[in-house]
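Residue-level structure breakdown
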Amino acid sequence: MNNNKIRIIEICFYGIRFFRNFRLNYGISTLYLFSQGLTATEVFFVDSCLWWAMVAVQVPSGALGDRFGNKFPLVVGALAMPVGVGLMALGGHLVIYAVGSAILGVGIGCVGGSDSAVVLESLEAENSRSEFRRIEANGVACRLTALALGVVIGGWLAELFSLPLVVVLTGATLALVLPFALITPTVKNSAKATYGTDQTLIIGMKQIWRKLEIRYVFYFAVLFLIVDTGNWGVQLTLSQLEVGTSAIGIWFATILATAAIVSKIGGKIDTRKSGKRFLLCFFLLALGYSLCFAFASQSPSSSSWTWLVLGSIFYSLCRGLYVPYFRDFISAGYSGGEFATVFSVMIFVGSVLIAVVSPLIGFVLDTYGLSTIFWIFFAAILAVFGHIVFHQRTRPLS
């Protein structure tokens, strides 16, 4: 084992994970677009462009990594992210914001997954695959640390200076991913993928249809959407309560820290035997989150803060537990390779759902207000919860 090379791989991986997630604008991105004069419909159209771009990167798939190796899409993504954020900082027109968001989505889609793939590929070449779990765990810590620091510092800078400055600085920090991507060790004559992402989707759907009820893909996609709403939902609710951006950053950091602790604890729970019962708990948490935020985002009152605190707790629990739960529950029925394929398909479906729903959220926000959105989410989650209970009666949960 070449210890020096392993060390270089680690440093590059941690650098990529940290600076990719050290997004100073994470806690104020929605507020920034509103500050530029965009309507809610336009803001969520811009967000939809990001998700569609991430989806589009997955579909043709494999083409870049399969032909040029996993490092190539990593470098492409490292170049695209600061360019996308730079265009959004330039702004001035809806088209520019949308194009910038789409380029950012391409960058996130290319880097996400490629960093882990490059590390695993390099470790296998060094006969050190056993190091992967340790390095990946440290990478998660880097990600959460970067997110927490980013939202606090970004919120403080936005309050002290301006929202546009924070977006510009976000582009600068994302550019720091590129040096680490370029010096990441490559593997000569690495094995090529046997099929691309488009074929992976087909194969994954067949595996889901054969071994796992298709409704679980739908359940995951709904939770994926709910967790995404927490980003802009917290921003807009706190802003409505006239909270400064520095406090918003601290609030976000608290949510992320809580979710990280809960995720670590949840990772020790074996959900494979009673996983279907845990599923009910997740949707109860989602119901609590949407209900509390529906009340908190109504006309400001003394009770708004109580609802906001309770909703944030429910959201943190849901965010911290749902991915470990699905990973553990689904892995029980699949081999390692099958599981990776199935889970990537579930992420894909969840991303498509967000891309489709985002413009509708913007329209409702423009027309009826923030509270109405959370009431709609509450009704939708309640319907899904009822569907789960119905299946529990017809097919008793394990």
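To be clear, the structure that these remarks concern was listed above.
Residues numbered from 1 in each chain as written. Predicted model: local features only at pLDDT ≥ 70, side-chain atom pairs only at ≥ 80, totals over all residues. Heavy atoms only, no water.

Turning next to the overall build of the chain. For the chain, the count of helices and strands is 17 helices and 0 strands. Considering only residue pairs separated by 6 or more positions, the chain has 85% of its internal contacts joining residues 24 or more positions apart. Carbon and sulfur atoms form 67% of the exposed surface of the chain, whose accessible area is close to 17600 Å². (Helix = DSSP H or I, 4+ residues; strand = E, 2+ residues; numbered from the N terminus. Contact = heavy atoms within 4.5 Å. Areas by Shrake-Rupley, 256 points an atom, 1.4 Å probe, with all protein chains shown as cover.)

For any two helices packed against each other, one specifies the inter-axial angle together with the distance between the axes. It is the contact of helix 5 (residues 71-90) with helix 6 (residues 94-111), at a shortest axis distance of 7 Å, that shows an interaxial angle of 155°. Judged on the interaxial angle alone, helix 6 and helix 5 are roughly antiparallel. Considering the relative orientation of helix 5 and helix 6, their crossing is left-handed. On helix 6, the residues that touch Pro73, Leu74, Val76, Gly77, Ala78, Ala80, Met81, Val83, Gly84, Val85, Leu87 and Met88 of helix 5 are Ile96, Tyr97, Val99, Gly100, Ser101, Ile103, Leu104, Gly107, Ile108, Cys110 and Val111. For the contact of helix 5 with helix 6, the per-class residue count stands at 18 nonpolar, 5 polar and no charged. (Axes fitted to C-alpha atoms, helices over the stretch in contact; angles between N-to-C directions. Parallel < 35°, antiparallel > 145°, perpendicular 65-115°, else oblique. Left-handed = near helix turned anticlockwise from the far one by under 90°. Nonpolar A, V, L, I, M, F, W, Y, C, P; charged D, E, K, R; others polar.)

Across soluble globular proteins, nonpolar side chains show a tendency to be buried alongside one another. In terms of nonpolar packing, the biggest core is built from 91 residues, with Leu33, Trp232 and Phe283 touching the most fellow members. Among the elements that make up this core, the one with the highest residue count is helix 12 (residues 215-240) (14 residues). When residues no more than four places from it in sequence are discounted, the contact partners of Leu33 are Leu38, Val43, Val46, Met88 and Tyr97. (Core = buried A, V, L, I, M, F, W, Y, C linked by side-chain atoms within 4.5 Å. Buried < 20%, exposed > 50% of the residue type's maximum accessible area, 1.4 Å probe, protein only.)

Turning next to the packing of aromatic side chains. Inspection of every chain in the model, using the stated rule, returns 20 aromatic pairs. The interplanar angle of 25° and the centroid separation of 5.9 Å between the aromatic rings of Phe19 and Phe180 together place this pair among those described as stacked. One end of the pair, Phe19, is in helix 1 (residues 3-21); the other, Phe180, is in helix 10 (residues 177-183), with 161 residues separating them in the sequence. Considering the side-chain rings of Tyr289 and Tyr315, the 5.2 Å spacing of their centres and the 40° angle between planes classify their relative orientation as tilted. Here Tyr289 is found in helix 14 (residues 275-296), whereas its partner Tyr315 is found in helix 15 (residues 304-331), with 26 residues between them in sequence. Classification of Tyr315 as buried rests on a relative accessible area of 2%. (Phe/Tyr/Trp six-rings, centres within 6.5 Å; stacked < 30°, edge-to-face > 60°.)

Attention now goes to the environment of Tyr315. A sequence separation of 25 residues divides Tyr315 from Ser290, and the C-alpha atoms of the two residues are 8.6 Å apart. If we ignore the near neighbours within four places in the chain, the residues touching Tyr315 are Ile226, Val227, Gly230, Asn231, Ile255 and Tyr289.

A surface patch of nonpolar side chains, amounting to about 870 Å² of accessible area, comprises Leu149, Val152, Ile153, Trp156, Leu160, Phe161, Leu165, Val168, Leu169 and Ile250. Secondary-structure elements contributing two or more residues to the nonpolar patch are helix 8 (132-160) and helix 9 (163-174). The element best represented in the nonpolar patch is helix 8, accounting for 5 residues. Along the chain, Val152 falls in helix 8. In this structure Val152 comes out as partly exposed when scored by relative accessible area, which is 32%. (Patch = residues over 30% accessible without salt bridge, like charges linked within 9 Å, V, L, I, M, F, W, Y side chains within 5 Å. Salt bridge = Lys/Arg side-chain N within 4 Å of Asp/Glu carboxyl O.)

Bringing the side chain of Ser48 into the picture now. Turning to its location among the elements, Ser48 is positioned in helix 3 (residues 40-58). The residues touching Ser48, leaving out its near neighbours within four places in the chain, are Ala355, Ser358 and Pro359.

The next thing to look at is unusual backbone geometry. For Glu242, which is not a glycine, the phi torsion comes out positive at approximately 60°. With respect to the element layout, Glu242 can be found in the loop between helix 12 and helix 13 (245-266). Relative accessible area serves as the criterion here: at 75%, Glu242 is assigned to the exposed category.

As a further point, take the packing of helix 1 against helix 7 (residues 114-125). Two numbers describe how helix 1 lies on helix 7: the axes approach to 10 Å, and their chain directions differ by 175°. When the interaxial angle is binned, helix 1 and helix 7 end up roughly antiparallel. Within the contact between the two elements, helix 1 uses Ile6, Ile9, Phe13, Ile16, Arg17 and Arg20 and helix 7 uses Asp115, Ser116, Val119, Ser122 and Leu123. Here the contact of helix 1 with helix 7 is built from residues that sort into 6 nonpolar, 2 polar and 3 charged.

Once that is clear, we can look at the side chain of Ser351. By secondary structure assignment, the location of Ser351 is in helix 16 (residues 336-368). Discounting chain neighbours no more than four positions away, the residues touching Ser351 are Trp51, Val55, Gln58 and Phe224.

Attention now moves to the environment of Thr229. Take Thr229: it is sitting in helix 12. On the basis of relative accessible area, Thr229 is assigned to the buried category, the value being 1%. The spatial distance from the C-alpha of Thr229 to the C-alpha of Ile354 is 9.2 Å, given a sequence separation of 125 residues. The residues contacting Thr229, other than those within four sequence positions of it, are Val234, Tyr289 and Phe377.

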